[in-house]
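Secondary and tertiary structure notes
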Amino acid sequence: MYLSENLRLKPLTRKLGNIMLKNLDPLLSPNLLYILRAMGHGDVLTIVDSNFPADSVASTTVHGEVIRFDGAGIPEVAKAIFSVFPLDSFIEAPIQYMQVVGEPETMLEVHKDLHKIALENADREWKMDSVERHSFYEQSRKTYAVIATAERRPYGCFMITKGVIAPDGKVM
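Just so we're clear, the structure is a prediction, and the values are computed from it rather than from any experiment.

With respect to the overall build of the protein chain
Scanning the protein chain for helices and strands turns up six helices and six strands. Reading the secondary structure of the protein chain in the N-to-C direction produces α-α-β-α-β-α-β-α-β-α-β-β. Burial analysis of the protein chain (172 residues in total) assigns 42% to the buried set. Relative to all contacts within the protein chain whose residues are 6 or more apart in sequence, the contacts with residues 24 or more apart total 85%. Accessible surface, the protein chain: about 9700 Å² in total, of which carbon and sulfur atoms supply 53%.

Next up, the structure:
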């Protein structure tokens, strides 16, 4: 079921009116929060630039439709997501990015930007790995959801794996 089909949210919204939340990035829409909360340990979220075929890829994901952030780039969306999203500590590299064609060792500024933001919101060093472009497309079709940003820099495409939050509220 898509959030847009979840009719239970509409009556709640009408009763409570305009609710303000503390310490929550305004880019974290109800739809995105629902998706991030619904994801379980090991589920993967795809965050992509404006050139990625987001609609066609998203149609095969668990969520089934693209989540658009047409007014925000990778840094803004990453900051919002990593403010609430635990990364998976049980795998070597919970952040994967699309490789530059013909340059598998190259890490672009957009890759460094997302990694820096992930580290700023963490209590440990998270590793990143690159994924060959066509493998990235194939793997992203099997993820939980696709978030399309307005990022114009090429290869600004990532897959992040959700981790576990311990009873004390910290990422395991």
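Some words on a nonpolar patch on the surface
Nonpolar side chains collect at one region of the surface, where Phe90, Ile91 and Met172 lie side by side and expose about 290 Å² of accessible area between them. With respect to the secondary-structure elements, Ile91 resides in the loop between helix H4 (74-82) and strand S3 (95-98). Residue class for Ile91 comes out partly exposed when judged on its relative accessible area of 35%.

Considering the sheet that holds strand S5 (residues 145-149)
Spatially, S2-S5-S1-S6-S3-S4 is the arrangement adopted by the six strands of the open sheet, whose pairing is mixed. Looking along the sheet, the strands with just one partner apiece sit at the ends: strand S2 (67-69) and strand S4 (128-131). Here the strands of the sheet are splayed against their neighbours by 20° on average, with no regard to which way each runs. Set on the sheet, helix H2 (residues 30-38) makes contact with strand S1 (44-48), S2 and S5; between it and S2 the angle comes to about 130°.

Side note on unusual backbone geometry
The bulk of non-glycine residues show a negative phi, and the bulk of peptide bonds are trans. Despite not being glycine, Tyr155 has its phi angle at roughly 65°, a positive value. Tracing the backbone through its elements, the reader meets Tyr155 in the loop between S5 and strand S6 (158-161).

What to know about the nonpolar core
Side chains of nonpolar character tend, in soluble globular proteins, to be buried together. Counting residues in hydrophobic clusters, the biggest one holds 31 residues, and the most contacted among them are Leu45, Ile81, Ile95 and Ile160. Among the elements of the structure, H2, S1, S2, H4, S3, helix H5 (109-120), S5 and S6 are those that each provide at least two residues to this core. For this core, the leading source of residues is H4, giving six residues. In this structure, Leu45 is in contact with Leu36, Met39, Ile81, Phe85, Ala145, Ile147, Phe158, Met159 and Ile160, ignoring residues within four places of it in sequence.

Here we look at H2
Listed in full, the buried residues belonging to H2 are Leu32, Ile35 and Leu36. In a view along the axis of H2, the buried residues occupy a sector of 95°, so they form one face of it. Seen from the open side of H2, the exposed residues pointing more than 90 degrees away from its buried face are Pro30 and Arg37. Tucked inside the fold, the buried residues of H2 contact S1, S2, H4 and S5.

Conventions and cut-offs
Residues numbered from 1 in each chain as written. Predicted model: local features only at pLDDT ≥ 70, side-chain atom pairs only at ≥ 80, totals over all residues. Heavy atoms only, no water. Helix = DSSP H or I, 4+ residues; strand = E, 2+ residues; numbered from the N terminus. Buried < 20%, exposed > 50% of the residue type's maximum accessible area, 1.4 Å probe, protein only. Contact = heavy atoms within 4.5 Å. Areas by Shrake-Rupley, 256 points an atom, 1.4 Å probe, with all protein chains shown as cover. Patch = residues over 30% accessible without salt bridge, like charges linked within 9 Å, V, L, I, M, F, W, Y side chains within 5 Å. Salt bridge = Lys/Arg side-chain N within 4 Å of Asp/Glu carboxyl O. Pairing = 2+ DSSP bridges. Axes fitted to C-alpha atoms, helices over the stretch in contact; angles between N-to-C directions. Core = buried A, V, L, I, M, F, W, Y, C linked by side-chain atoms within 4.5 Å. Arc of directions from axis to C-beta.

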